[in-house]
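# Summary of structural features
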Amino acid sequence: MRDLGAGFRYLLKGQRWVARHGRQYGFGLLPGLITLVLYAAALVALATWGEDAVGWATPFADDWTSPWRGLFRGFLTAVLFALALLLAVVTFTAVTLLIGQPFYENLSEKVDRDVSPDGHAPESGLPLWRELWISGRDSLRIVVRAALWGVLLFGCGFIPVVGQTAVPVIGFFVTGFFLTEELTAVALQRRSVELRTRLTLLRSRKTLVWGFGTPLAVAFLVPFVAVFLMPGAVAGATLMARDLLGEEIDEDGEGGESSEEGDRAATTIPQPPSGSPSPGR
């Protein structure tokens, strides 16, 4: 249970970090706003024509008497919209991170420098196009996994009582896990950690992951909240990635300075005299 609380604290620490770094927070909002507009348009279209789509997909119910036909198709329409909303929550992070790759990479690096005892941030050394390719490829794999879980939970939703109680709760935990994977990927990809290894790391600390991702998944259901929490979520996920890899976190440097100086490297180790070798080199 200690890990559960630790995961939630990383989420809060990430929000506090961006609150103290206004410029990073402002740039981090842009990709989320773009993604929000795209997703809002898709959900409005589904709400408008979803019932027609369900009617087209269930021609066998055309001859049913009222009210059974309306109840059946209304239920399927509601389930379809709920499933779309679940997938939107999971894929929102992936799409936002893909659109905002340069912004979030920069933000994650600054968090790393801020909390690293030697002010060092790992760098992938890859060109931007290569990073985008890896990010897009891995995100697609995660979305496929999330979609399979979504179909499974959709089927379990028809089980009486369990489908209306336990399944939604499980859905939030599953969504939280995949959200955390997408967010920690920003920092872990810079460390050349492959997707399979990332998933193994996250599974080894499930309660930590759930403590971070599940509250975020719940918050993301509220319109517009995802946009404002994304920069802090990336910052918090970077802190959690350091924990997963056993890297030291400088608690004194965490959160940085309230001024723009906080965007530069923060360190608690005194600088060596001129001519002396730098620590860690």
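Our structure's up above, just so we're on the same page.
This part takes up the overall build of the protein chain. Regarding its fold elements, the protein chain presents 9 helices and 0 strands. Secondary structure elements in the protein chain, listed N-terminal to C-terminal, are α-α-α-α-α-α-α-α-α. Out of the 281 residues in the protein chain, the part that is buried amounts to 43%. Sequence-distant contacts in the protein chain: of pairs separated by 6 or more residues, those separated by 24 or more amount to 81%. Of the roughly 14600 Å² of accessible surface on the protein chain, 66% is carried by carbon and sulfur atoms.

What follows deals with unusual backbone geometry. Notably, Ser192 is not glycine yet its phi reads approximately 60 degrees, a positive angle. Residue classification places Ser192 among the exposed positions, given a relative accessible area of 57%.

Summed over all chains, the structure comprises 14 salt bridges. Salt-bridge contacts for Arg242 lead to Asp112; the nearest nitrogen and oxygen are separated by 2.8 Å. Remark: Asp112 occurs in helix α4 (residues 101-115) and Arg242 occurs in helix α9 (residues 225-244); sequence separation between them is 130 residues. Note on accessibility: Arg242 and Asp112 belong to one class, buried. For Asp138, the salt bridge identified is with Arg198, shortest N-O distance 3.2 Å. In this pair, Asp138 is assigned in helix α5 (residues 128-156) and Arg198 in helix α7 (residues 195-204), connecting sequence segments 60 residues apart. When its relative accessible area of 2% is taken as the criterion, Asp138 is described as buried. Through salt bridges with shared partners, a single ionic network connects Glu105, Asp112, Arg190, Arg191, Arg242 and Glu247.

This part covers a nonpolar patch on the surface. A surface patch of nonpolar side chains, about 340 Å² in accessible area, is lined by Phe27, Leu30, Leu33 and Phe103. In terms of residues, the nonpolar patch owes the most to one element, helix α2 (residues 22-57), which gives 3 residues. Along the chain, Leu30 falls in helix α2. Here Leu30 falls in the partly exposed class, since its relative accessible area comes to 39%.

So, on to the nonpolar core. Among the nonpolar cores identified, the biggest contains 44 residues, and Leu183, Phe212, Met230 and Val234 are the most heavily contacted of them. At 10 residues, α9 tops the list of elements feeding residues into this core. Aside from chain neighbours lying at most four places away, what touches Met230 is Phe92, Thr93, Thr96, Leu97, Tyr104, Leu183 and Phe220.

This brings us to α9. Its 20 residues place the ends of α9 27 Å apart at the C-alpha level, agreeing with the 28 Å of an ideal helix rising 1.5 Å per residue. Of the residues trailing α9, Gly246 is marked for its positive phi of about 75 degrees.

Turning our eyes to something else, we now look at the packing of aromatic side chains. Each aromatic ring pair is summarised here by two numbers: the centre-to-centre distance and the angle between the ring planes. The tally for this structure, following the rule as stated, stands at 8 aromatic pairs. When the ring of Trp64 is compared with that of Phe72, the centres are 5.0 Å apart and the planes differ by 50 degrees; the resulting orientation is tilted. Classification of Trp64 by relative accessible area gives partly exposed; the value is 35%. Accessibility expressed as a relative area gives 25% for Phe72, which makes it partly exposed. Relative to Trp210, the ring of Phe173 lies with its centre 5.3 Å away and its plane at 85 degrees, an arrangement referred to as edge-to-face. Taken as a pair, Phe173 in helix α6 (residues 162-190) and Trp210 in helix α8 (residues 206-220) lie far apart in primary sequence, 37 residues in all. Three or more aromatic residues joined by ring pairs make a cluster, and in this case those are Tyr39, Phe92 and Phe220.

The contact between α6 and α7 brings their axes to 10 Å, and the two run at 125 degrees. Classified by the interaxial angle, the pair formed by α6 and α7 is oblique. Crossing handedness for the pair α6 and α7: right-handed. Side by side, α6 and α7 meet where Phe177, Thr180, Glu181, Thr184, Ala185, Leu188 and Gln189 of the first sit next to Leu195, Arg198, Leu199, Leu202 and Arg203 of the second. Across the contact of α6 with α7, the residue classes break down as 6 nonpolar, 3 polar and 3 charged.

The rules behind these values
Along each chain, the written sequence defines residue order, and numbers are assigned to residues from 1. Local features are withheld for residues below a pLDDT of 70 in this predicted model, meaning they are given only at 70 or higher, and side-chain atom pairs are given and counted only at 80 or more; totals for whole chains, interfaces and linings count all residues. Note that water and hydrogens are dropped before the side-chain values are worked out from all heavy atoms of the structure. Only DSSP runs of H or I reaching four residues or more are called helices, and only runs of E reaching two or more are called strands; each is numbered from the N terminus. Accessible area is worked out with a 1.4 Å probe on protein chains only. A residue is then buried under 20% of its type maximum, exposed over 50%, and partly exposed in between. Contacts are assigned to residue pairs with any non-hydrogen atoms lying within 4.5 Å of each other. For every accessible area listed, the method is Shrake-Rupley and the probe measures 1.4 Å; residues are considered covered only by the protein chains on display. What counts as a salt bridge is simple: a side-chain nitrogen of Lys or Arg found within 4 Å of a carboxyl oxygen of Asp or Glu. Two distance rules govern patches: like charges are joined within 9 Å, and nonpolar side chains (Val, Leu, Ile, Met, Phe, Trp, Tyr) within 5 Å, applied only to residues with over 30% relative accessible area and no salt bridge. Among the buried residues, those of types Ala, Val, Leu, Ile, Met, Phe, Trp, Tyr and Cys that are joined through side-chain atoms within 4.5 Å form a nonpolar core. A helix's residues, less one, multiplied by 1.5 Å, set its expected span. Working definition: a ring pair exists when centres of Phe, Tyr or Trp rings (six-membered ring for Trp) sit within 6.5 Å. Plane angles under 30 degrees give stacked, over 60 give edge-to-face, the rest tilted. The axes are straight lines fitted to the C-alpha atoms, using for helices just the contacting stretch, and the angles between their N-to-C directions are given from 0 to 180°. Working definition: roughly parallel below 35 degrees, roughly antiparallel above 145 degrees, roughly perpendicular at 65 to 115 degrees, and oblique for all remaining angles. Handedness of each helix crossing follows the sense of rotation of the near helix against the far helix: counterclockwise by less than a right angle gives left-handed, clockwise gives right-handed. Put simply, Ala, Val, Leu, Ile, Met, Phe, Trp, Tyr, Cys and Pro go in the nonpolar bin, Asp, Glu, Lys and Arg in the charged bin, and everything else, Gly too, in the polar bin.

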